[in-house]
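Observations on the three-dimensional arrangement
These are the residues of each chain, in order.
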Amino acid sequence: MSGNKIGVKTLDLSGDFDSIEKQLYTIAKEFFGDVVDTHFYLNARGCAGVGVRNGNLGFMLLAGSKISQKEPSATCPEHIHRLREEYFDKIQNGVLMENVLFHSASAAASFLMMTNINGNIAWKTKEGTSLGEYRRKY
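The notes below deal with the structure included here.

With that settled, the discussion passes to the overall build of the protein. For the protein, the count of helices and strands is five helices and six strands. Of the regular secondary structure in the protein, the N- to C-terminal order runs α-β-β-β-α-β-β-β-α-α-α. The proportion of buried residues among the 138 residues of the protein is 36%. Put simply, of all contacts in the protein between residues at least 6 apart along the chain, 51% involve residues at least 24 apart. Entry remark: accessible area of the protein is about 8700 Å², with carbon and sulfur atoms responsible for 52%.

In structure tokens form, the structure reads like this:
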């Protein structure tokens, strides 16, 4: 339609979360290609986050990530404060309960840590490769 790919898919919501997640991933992969790759980790300022690049869509912070409970740093951007308010209902006891897609790895890192941070430096693979280095290689 008008040069855009439009489609209709069904989703069986009667199964457990894992089966629903697999269905959603299959649908996303069909439309956007392989949208999820290597996991990246961020452990600083009282947080323990896990995220993935999400194709050209951004950077997804995964459910189960521990959000920093420290006071925002003086350099924390105002839009990060607003994001914390917007996603307040997705955080329980300092843990993110749902995957959240951010426009960039830096936004996801800043959201986790409540400070201004470069996601290309902060996020690392298990082997210690920064997201920036990983992007240059792949």
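Turning next to the environment of Ala108. Looking at the element boundaries, Ala108 is found in helix H3 (residues 105-113). In sequence terms Ala108 and Gly119 are eleven residues apart; their C-alpha atoms lie 7.5 Å from each other. Dropping the residues within four chain positions of it, Ala108 is found in contact with Phe59, Leu61, Phe102 and Trp123.

Right, let's get into H3. By the criterion of burial, H3 is predominantly enclosed, with eight of the nine residues buried. The complete set of buried residues in H3 reads Ala105, Ala107, Ala108, Ala109, Ser110, Phe111, Leu112 and Met113. Backbone geometry just downstream of H3 places Met114 in the positive-phi region, at approximately 60°.

Our next topic: the side chain of Ser130. Along the polypeptide, Ser130 turns up in the loop between helix H4 (119-122) and helix H5 (131-137). In this structure the side chain of Ser130 is engaged in a polar contact, spanning 3.1 Å, whose partner is the side chain of Glu133. Contacts of Ser130, omitting those with residues within four sequence positions, involve Asn120, Ile121, Trp123 and Lys124.

The tendency in soluble globular proteins is for nonpolar side chains to be buried as a group. Within the largest apolar cluster, 26 residues are counted, with the highest numbers of intra-cluster contacts made by Leu42, Leu61, Phe102, Phe111, Leu112 and Trp123. Top element by residues in this core is H3. It accounts for seven residues. Phe111 has contacts with Leu61, Ile67, Ile80, Leu83, Arg84, Tyr87, Ile91 and Phe102, leaving out every residue within four places of it along the chain.

Taken together, Leu11, Leu13 and Leu24 make up a surface patch of nonpolar side chains, about 280 Å² in accessible area. In this structure, Leu24 sits in helix H1 (residues 17-32). Taking the relative accessible area as the measure of exposure, Leu24 reaches 44% and is therefore partly exposed.

The rules we used
Residues numbered from 1 in each chain as written. Predicted model: local features only at pLDDT ≥ 70, side-chain atom pairs only at ≥ 80, totals over all residues. Heavy atoms only, no water. Helix = DSSP H or I, 4+ residues; strand = E, 2+ residues; numbered from the N terminus. Buried < 20%, exposed > 50% of the residue type's maximum accessible area, 1.4 Å probe, protein only. Contact = heavy atoms within 4.5 Å. Areas by Shrake-Rupley, 256 points an atom, 1.4 Å probe, with all protein chains shown as cover. Polar contact = N/O pair within 3.5 Å; in protein donor to acceptor, adjacent residues only side chain to side chain. Core = buried A, V, L, I, M, F, W, Y, C linked by side-chain atoms within 4.5 Å. Patch = residues over 30% accessible without salt bridge, like charges linked within 9 Å, V, L, I, M, F, W, Y side chains within 5 Å. Salt bridge = Lys/Arg side-chain N within 4 Å of Asp/Glu carboxyl O.

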